[in-house]
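Summary of the model geometry
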Amino acid sequence: MPLTQKDFLSIANYQKRELEEILDLAIAQKVQLKSGLLAPTLVGRTLACIFHKPSLRTRVSFEVAMHQLGGDSLYLTDAEIGIGSREAPQDVARVLSRYVSAVMIRTFDQSIVDTLAKHATIPVINGLTDLLHPCQVLADLMTIREHRGHLEDLTVAFIGDGNNLARSWINAASKLGFRFILACPPGYGVEQAFVEEAIGDSSCYQEVNEPLAAVKGADVLYTDVWASMGQEAEVSGRKADFNGFQINSQLVGHSPAHSIVLHCLPAHRGEEITDDVMESQRSRVFDQAENRLHVQRALLSLLVKPSGGRY
Ligand code: CP
Ligand code: NVA
């Protein structure tokens, strides 16, 4: 069944069946790619990738995914476009819609992504904002599904900041019906208004101030940097506040023997996660990074109109 949305702005906009369809296709295409059987369905299509923040995984995986589907990609920064300064977002959206087949954007303010999507006639994909990082959580869910075979009866413990990743995880827990526990220092949780809108009267989300309380019974231990891109001025204050909110072997030892460790990367080894845990048998962080490629290729396959091999 086709996706009901033109864009991929937030997991909250997607139905459970659509999220499962993206994951199913990502897993199937991963096998096809490794067997040399992936069909180039987007020959002649172009993806514009706009970056207002740095990236390794998001940029490379989107560009490579597009090439693997037979299409092209363009890398654009704010120095070229000047969204909101040189040109209004609605005009950028209209012009890009005349040239390319889809836009992926990483920026600060979610409203820029939403405005582009509203005025573009082509799909717009959220490649990270201060508010959300939905593509990352798709890759995380794929990694968990590969490991466990399913997402039923799942508990994810997130040790860290109530940031863009944590919010997209709350959306995913609400849509897919699993438990998500955030362990953060007081004052670093996800905003109450966001939680209420995301989960309604569900009990899928819990916030605690003690990492040990979160990991007992967790199938997945997850973490991310203490200070996100754009919070550079807060780095030293956050280092003090997040002291103890680290995934280390002692904390892993308090979780069930089957638990796995995920990190969206980039990691600050020795801060939110230790070297030994990153390199341990329990860590799936590099499978997780690889899966960015597979989920994004699946997303592009479902959102961008196939070309039939012709321009
Ligand atoms: N996880 C992630 O989004 O990585 P990049 O910031 O390198 O794209
Ligand atoms: N929360 C991090 C995620 C990086 C992929 C950030 O926004 O910098």
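Residues numbered from 1 in each chain as written. Chains lettered and ligands numbered in written order. Predicted model: local features only at pLDDT ≥ 70, side-chain atom pairs only at ≥ 80, totals over all residues. Heavy atoms only, no water.

1. Observations concerning the overall build of the chain
Within the chain, the secondary structure is distributed over 13 helices and nine strands. Relative to the 2.2 N^0.38 estimate, which gives 19 Å for 311 residues, the radius of gyration of the chain is 19 Å and therefore close to what a compact globule would have. In terms of principal-axis extent, the alpha carbons of the chain reach across some 55 × 45 × 40 Å. Buried positions account for 56% of the 311 residues belonging to the chain. (Helix = DSSP H or I, 4+ residues; strand = E, 2+ residues; numbered from the N terminus. Rg over C-alpha atoms; globule rule 2.2 N^0.38 Å. Buried < 20%, exposed > 50% of the residue type's maximum accessible area, 1.4 Å probe, protein only.)

2. With respect to the site of ligand 2
If you check the shell around ligand 2, you find Leu128, His133, Asn163, Asn164, Leu165, Asp224, Val225, Ser228, Met229 and Leu265 and nothing else. Asn164 places a polar side-chain atom, nitrogen or oxygen, 2.9 Å from an oxygen atom of ligand 2. For ligand 2, whose free accessible area comes to 260 Å², the fraction covered by protein is 95%. Here the shell around ligand 2 is built from residues that sort into five nonpolar, four polar and one charged. (Near = heavy atom within 4 Å. Polar contact = N/O pair within 3.5 Å; in protein donor to acceptor, adjacent residues only side chain to side chain. Areas by Shrake-Rupley, 256 points an atom, 1.4 Å probe, with all protein chains shown as cover. Nonpolar A, V, L, I, M, F, W, Y, C, P; charged D, E, K, R; others polar.)

3. Describing the packing of helix 1 (residues 16-34) against helix 6 (residues 134-148)
Angle between the axes and distance between the axes: these two values describe a pair of packed helices. Relative orientation of the contacting elements helix 1 and helix 6 amounts to 65 degrees, with a least axis distance of 10 Å. By the angle between their directions, the pair helix 1 and helix 6 is classed as roughly perpendicular. Considering only the axes of helix 1 and helix 6, their crossing is right-handed. In contact with Leu19, Glu20, Ile22, Leu23, Asp24, Ala26, Ile27 and Lys30 of helix 1, helix 6 contributes Leu138, Leu141, Met142, Arg145 and Glu146. A class-by-class count of the residues in the contact of helix 1 with helix 6 yields eight nonpolar, no polar and five charged. (Axes fitted to C-alpha atoms, helices over the stretch in contact; angles between N-to-C directions. Parallel < 35°, antiparallel > 145°, perpendicular 65-115°, else oblique. Left-handed = near helix turned anticlockwise from the far one by under 90°. Contact = heavy atoms within 4.5 Å.)

4. Things to note about the pairing of strand 2 (residues 72-77)
Looking at chain direction, strand 1 (residues 46-51) and strand 2 are connected through six bridges and run parallel. Its bridge partner lying in strand 2, Leu47 is registered against Ser73. Handedness of the crossover is the feature at issue here: the chain leaves strand 1, passes through helix 2 (residues 57-68), returns alongside strand 2, and the resulting connection is right-handed. (Pairing = 2+ DSSP bridges. Right-handed = clockwise from strand over helix to strand, strands pointing away.)

5. Brief notes about the pattern of salt bridges
Within this structure, the stated rule accounts for 16 salt bridges. Between Asp130 and Lys53 there is a salt bridge, with its nearest N and O atoms 2.6 Å apart. Residue Asp130 is located in the loop between strand 4 (124-126) and helix 6, and its partner Lys53 is located in the loop between strand 1 and helix 2; the two are separated by 77 residues in the primary sequence. In this structure Asp130 comes out as partly exposed when scored by relative accessible area, which is 39%. (Salt bridge = Lys/Arg side-chain N within 4 Å of Asp/Glu carboxyl O.)

6. A look at the site of ligand 1
Around ligand 1, the structure places Ser55, Leu56, Arg57, Thr58, Arg106, His133, Gln136, Cys264, Leu265 and Arg292. Between ligand 1 and Gln136 there is a distance of 2.9 Å, counted from a nitrogen atom to a side-chain nitrogen or oxygen. Summarising the interface, the protein chains cover 95% of the accessible area of ligand 1, which totals 250 Å² for the free molecule. Among the residues making up the shell around ligand 1, the classes are represented as three nonpolar, four polar and three charged.

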